[in-house]
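Take a look at the letters that make up each chain.
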Amino acid sequence: KAVVYTGGGSRVETNELGIGKVKLTPDKPNLKLSLSARSDRGAEVKVTKELAVGEQSNGILLNADGAIYRQGQTATLKVLSASKAKRVFLDVVKKRSIPRDNSY
């Protein structure tokens, strides 16, 4: 668990997996996002990133109905992209590597 503070002063608590949600409404073409987080044990990290708002890219957005899945659970995924490509390839990662067989 951690507490995350945004540059705008918002405070967000994460769950036991460290996942939290922040909603932002950009008011400029470039958004400077500053986050700092502190764990229950006192570990702290700070990050600042500048994001281009409204700029088209070849990136994709993958929305999932959950953050973590157990073996046998079904994941419902939605892929959004500005690209006109009709296919998306998805690698499943297990313990920081891509399994070579069906041992998911």
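Residues numbered from 1 in each chain as written. Predicted model: local features only at pLDDT ≥ 70, side-chain atom pairs only at ≥ 80, totals over all residues. Heavy atoms only, no water.

Colleague: So what exactly am I meant to see when it comes to the overall build of the protein here?
Modeller: Along its length, the protein carries 0 helices and 6 strands. N-terminal to C-terminal, the α/β element order of the protein is β-β-β-β-β-β. Counting the 104 residues in the protein, one finds 10% classified as buried. Of all intrachain contacts in the protein linking residues separated by at least 6 positions in sequence, the fraction that spans at least 24 positions is 24%. Of the roughly 9,600 Å² that the protein leaves accessible, carbon and sulfur atoms contribute 49%. (Helix = DSSP H or I, 4+ residues; strand = E, 2+ residues; numbered from the N terminus. Buried < 20%, exposed > 50% of the residue type's maximum accessible area, 1.4 Å probe, protein only. Contact = heavy atoms within 4.5 Å. Areas by Shrake-Rupley, 256 points an atom, 1.4 Å probe, with all protein chains shown as cover.)

Colleague: Any chance you could explain the confidence of the model for the protein here in plain terms?
Modeller: Low-confidence regions, as indicated by low pLDDT, have predicted coordinates that should not be scrutinised in detail. Residues of the protein with pLDDT of at least 70 account for 83%, and the chain-wide mean is 78. In the model of the protein, strand β1 (residues 2–6) stands out as the element of lowest mean pLDDT, 68, in contrast to strand β6 (residues 77–81), which has the highest, 86. (pLDDT = per-residue confidence, 0-100.)

Colleague: Looking at this structure, how should I read the pattern of salt bridges?
Modeller: Two side chains with opposite charge may pair up if their charged atoms get near one another. Applying the stated criterion across every chain yields a total of 1 salt bridge. Lys-46 serves as the salt-bridge partner of Glu-44, at 4.0 Å between the closest nitrogen and oxygen. A residue is classified by how much of its surface remains accessible, and Glu-44, at 43% relative accessible area, is partly exposed. Judged by its relative accessible area of 64%, Lys-46 is exposed. (Salt bridge = Lys/Arg side-chain N within 4 Å of Asp/Glu carboxyl O.)

Colleague: Any chance you could explain the environment of Glu-50 here in plain terms?
Modeller: Within the secondary structure, Glu-50 is located in strand β4 (residues 44–52). Apart from the residues lying within four places of it in its own chain, the contact partners of Glu-50 are Asn-30, Leu-31 and Lys-32.

Colleague: Which parts of the structure should I look at to understand the environment of Asn-30?
Modeller: Relative to the helices and strands, Asn-30 is located in strand β3 (residues 30–39). Relative accessible area serves as the criterion here: at 43%, Asn-30 is assigned to the partly exposed category. Once the C-alpha coordinates of Asn-30 and Glu-50 are considered, the two residues, 20 residues apart in sequence, prove to be 6.6 Å apart. Once residues lying within four places of it in the same chain are set aside, the contact partners of Asn-30 are Glu-50, Leu-51 and Ala-52.

Colleague: Even after reading the chapter, I still don't get the pairing of β3, so can you show me in this structure?
Modeller: Side chains on a regular strand alternate between the two faces of the sheet. Pairing of β3 with β4 involves 9 bridges; the strand directions are antiparallel. Within the sheet, the bridge partner assigned to Leu-35 lies in β4 and is Val-47. Connecting the antiparallel pair β3 and β4 is a turn made up of 4 residues, with Gly-42 showing a positive phi of about 95°. (Pairing = 2+ DSSP bridges.)

Colleague: Explain a nonpolar patch on the surface to me, please; I cannot follow it from the model alone.
Modeller: Where nonpolar side chains cluster on the molecular surface, the patch consists of Ile-60, Leu-62, Leu-77, Val-79, Val-88 and Leu-90 and spans about 510 Å² of accessible area. If you list the elements that add at least two residues to the nonpolar patch, you get β5 (60–64) and β6. The exposure class of Val-88 is partly exposed, given its relative accessible area of 48%. (Patch = residues over 30% accessible without salt bridge, like charges linked within 9 Å, V, L, I, M, F, W, Y side chains within 5 Å.)

Colleague: Before we go on, may I ask you to explain the environment of Lys-28 in this structure?
Modeller: With respect to the helices, strands and loops of the structure, Lys-28 is situated in the loop between β2 (11–13) and β3. Accessibility expressed as a relative area gives 55% for Lys-28, which makes it exposed. On a C-alpha basis, the gap between Lys-28 and Ala-52 in space is 9.1 Å, while along the polypeptide they are 24 residues apart.

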